[in-house]
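Here is how the chains run, residue by residue.
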Amino acid sequence: MTERLKILHTNFNIGWGGQSNRVFNVCSGLKKLGHDVILACPEKSDLRQKAEDHGLNVLSNVRFNSGLNVSDYRDYRYIKALIKKERFDIIHTHGSKDSWVGVLASKASGIDPLIVRTRHNIFPVSTHYLNRLLFKKWTDEIVVICKFLEKDFLGRGLANAGHISVIHSGLIDSASDSEVSAGQFRRDFKIDEDEIIIGMCANIVWYKGHRFFAEASGEITRKYPNTRFVILGDGIKEIKDDVINRFKKNGTYDRLIMPGFYDKMPAFYKSCDILIHPALSEGCCNVILEAFSHGIPVVASNVGGIPDMVEDHITGILIPSEDHGSIIRGVFEILGNRKLKEDMVKSARKKFLDDFSVDKMVKLTEELYIKAIEYRGK
Amino acid sequence: MKKKLRVVHVISDLPFGGVEKFLLDLLPRFQDNLHVSICCIREKGKLAPDFERRGIKVDLCFFKGRLHPQSIINLRNYLKENRVDVVHTHMYRANTSGTVSSRIAGIPVIISHLHSYPEWDTWRQKKMDAFLSNFKDHIIAVSESVKKNFIEATNYNKDKITTIYNGVDLSRFAISYDIDAKRKSLGIPRDAKVVGIFARLIEDKRHRVFLESAKDVLKIYGKNLYFLIVGKGPLDSELKDLAVKSRIMDNVIFTGLRDDVPELLQMTDISVLTSRREGFPIIILESMASGVPFISTDAGGVGEIIKDGESGFVVPIESPQALAEAMIKLLHDEKLQKRFSETSKRIVKSYTIESNVTKLTDLYLNLYRRKSLKQ
């Protein structure tokens, strides 16, 4: 039996998203493993609400506002006192502000717990002196969500070799969720049974690459006239208009379904035939994982963390980004080669269960803590 | 208590390749006597999880360029922080940067391992390798021919370079598998003959020569013969196209990457290698351990294992005719197959992975002792 660790997790997010979800899953997982976990997050955050509902020990006396504020000093004093009182073994921070506060407070507290930092997104961290000090000198272990980031951090001198690990985000398997029926989505949008649904599910912002999906639609419809294109998600109006115009230009606007947010996602996954994800930048893509778990073949671009999930022609089709021709070829290949499709779907489901489960994520995090503490002991 | 030496193996990355699979067999066997870990300088690669599962820690120390100052310093810091006693680098890229970083970090023992003929693209690289060799404590070559070639090219002190032939884990090949079921799963009839090539689908392995001679052999031997191409690589679709164009696709099976090589070897009648560049190919040892007669091109250290006409055939590089003739000769002569098989099984017994472990451990300890006495 491993030693019971005392761990403080800090997170600054107010709204709900991939990061909050992961923090929540890691905290509850570690608690289940018998560790003493305290989560510090802002009062107004969705994470606090959900964590409290699930019986986690939450402290919401912090703000972690962005930018330099007076409240930062308050947060710092509060965390410092907390560290002194609770004598944590580990401080695990997740955002920029809470990392600075957490690191400085633990340095000043005299307790010197192990500092672990997870970097959740792939926007580049600038390499100025203070950041290097924070990441390389003051943080004991860095966790990143994809191999791309590991290379990026090491290559730009933001991490020490041997002290950075990739732990993929885990997702709860919702494929066995039988609350919604498979036909629900088709009924909601009046799609016939014999029509092919090619879907894309992402916030409508420029870097998700909706325009390439639109450009590919013309050619796909010419070969498979019974195709319906579905775009789920909301976003920036100009980009939405641009995407619609491109569908109109390709003569496929009447085949497009674009309802904005759709609240019955499992129903969509149960009906979708192919998922396209032509993003220009991506960290850990939950939509692809959902597709893996539901057995939908995926065509996705080779950027950021996507190649960690999509192995070309093994778990999906990997294409260069910003190239609608490759989307067309990918779709034709899936629709024209039944065996390939079945093999890919099977391997993808296996990959999802093997590498992207919440249990694995929690276990790897725990192992990392134990190894880092051992290393420090030496 | 005696101190356990800390040995770090520096390598570019860990794809599914011969060298990497050899290390996967080798490194876990050191664990009783040494602390062994791996540091990759390009990326971790596909095999990294397998190493970790067997208790070998794999770290990444990403290199922007072979001699990029930041990268060199990063590796130096890593080696220093982990108080490494022995750095063992593999193949050209890691041999270069690993040596520089280790020297700056003041690592006691630096060893480079030459797994193949050097991949010098330019005159400058050759000079660099020659120059850096002065900073190494020892060099290991995988075959006599690799050793000779290196000494000729760099004028390196021949006392500081030894040949250690690679070894295989014989026990994995001694098991009897259900080969009928294996054949069935690949759609090969029980009475058909199978010729296999086990190599990554890259230019250096010259699969094209294999396919060309396959076409000739099929014409002469008849259709009850299958050619197995095991492996993955950038030439995948090109080779499939070639097989289709040559109208032999019905008798050629591309299996892709497989982790059941011992089983596939057991159902193979002849194993072939058509490479133009090799160090000391492990697949030859694996085939010999399975008792499969081998035909190989005369590349690198191949001639040091296979004696032409005794345990297999050695044919010239880039010669489909010679290869086809050797295949036909062997296919028609069951007695010869049997003789090759028995000789191979006998010879391979001196190439065990255990002997590699002993030789390398001795080398590490001796060099380290000598170094610490000097100080």
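Up top is the structure these notes are about.
Residues numbered from 1 in each chain as written. Chains lettered and ligands numbered in written order. Predicted model: local features only at pLDDT ≥ 70, side-chain atom pairs only at ≥ 80, totals over all residues. Heavy atoms only, no water.

(A) Here's a closer look at the overall build of chain B. Helix and strand content of chain B: 16 helices and 13 strands. Relative to the 2.2 N^0.38 estimate, which gives 21 Å for 375 residues, the radius of gyration of chain B is 22 Å and therefore close to what a compact globule would have. With respect to the principal axes defined by its C-alpha atoms, chain B has extents near 70 × 45 × 35 Å. For chain B, the residues scored as buried account for 56% of the 375 residues in total. When contacts within chain B are restricted to residue pairs at least 6 apart in sequence, long-range pairs at least 24 apart make up 70% of them. (Helix = DSSP H or I, 4+ residues; strand = E, 2+ residues; numbered from the N terminus. Rg over C-alpha atoms; globule rule 2.2 N^0.38 Å. Buried < 20%, exposed > 50% of the residue type's maximum accessible area, 1.4 Å probe, protein only. Contact = heavy atoms within 4.5 Å.)

(B) Broad picture of the environment of B:Arg66. Residues and elements named next belong to chain B. Following the sequence through the fold, Arg 66 ends up in the loop between strand S3 (57–60) and helix H3 (69–81). According to the relative accessible area criterion, Arg 66 is partly exposed, its value standing at 27%. Between the C-alpha atoms of Arg 66 and Thr 162, which are 96 residues apart in sequence, the distance is 26 Å. Residues within four places of Arg 66 in sequence aside, it is in contact with Ile 72, Tyr 92, Arg 93, Thr 96, Ser 97 and Gln 125.

(C) Molecular detail of the nonpolar core. In this structure, A:Phe268 and B:Phe51 are the most contacted members of the largest nonpolar core, which totals 153 residues. Residues lining this core come from more than one domain, with at least three contributed by each of domain 1 (6–170 + 357–377) and domain 2 (184–355) of chain A. Once you skip the residues sitting within four places of it in the chain, B:Phe51 turns out to touch B:Leu14, B:Glu20, B:Leu23, B:Leu24, B:Leu27, B:Ile38, B:Ile56 and B:Val58. Residues B:Leu225, B:Val315, B:Ala322 and B:Leu331 belong to the second largest nonpolar core, which totals 33 residues. (Core = buried A, V, L, I, M, F, W, Y, C linked by side-chain atoms within 4.5 Å. Domains from an automatic or database assignment.)

(D) Summary view of the interface of chain B and chain A. Of the residues lining the interface, 18 residues belong to chain B; the matching set on chain A comes to 13 residues. Here chain B and chain A share an interface that buries about 1,300 Å² over both sides, 47% of which is from carbon and sulfur atoms. Counting every contact that joins chain B to chain A gives three salt bridges. For B:Glu43, the salt bridge identified is with A:Lys151, shortest N-O distance 3.2 Å. Between the two partners, chain B and chain A, sit six residue pairs in polar contact (both at pLDDT 80 or more). At four residues, the largest contribution of residues to the side of chain B that touches chain A is made by H3(B). Residues that form the side of chain B that touches chain A fall into these classes: four nonpolar, three polar and eleven charged. (Buried area = accessible area lost by both parts, 1.4 Å probe. Salt bridge = Lys/Arg side-chain N within 4 Å of Asp/Glu carboxyl O. Polar contact = N/O pair within 3.5 Å; in protein donor to acceptor, adjacent residues only side chain to side chain. Nonpolar A, V, L, I, M, F, W, Y, C, P; charged D, E, K, R; others polar.)

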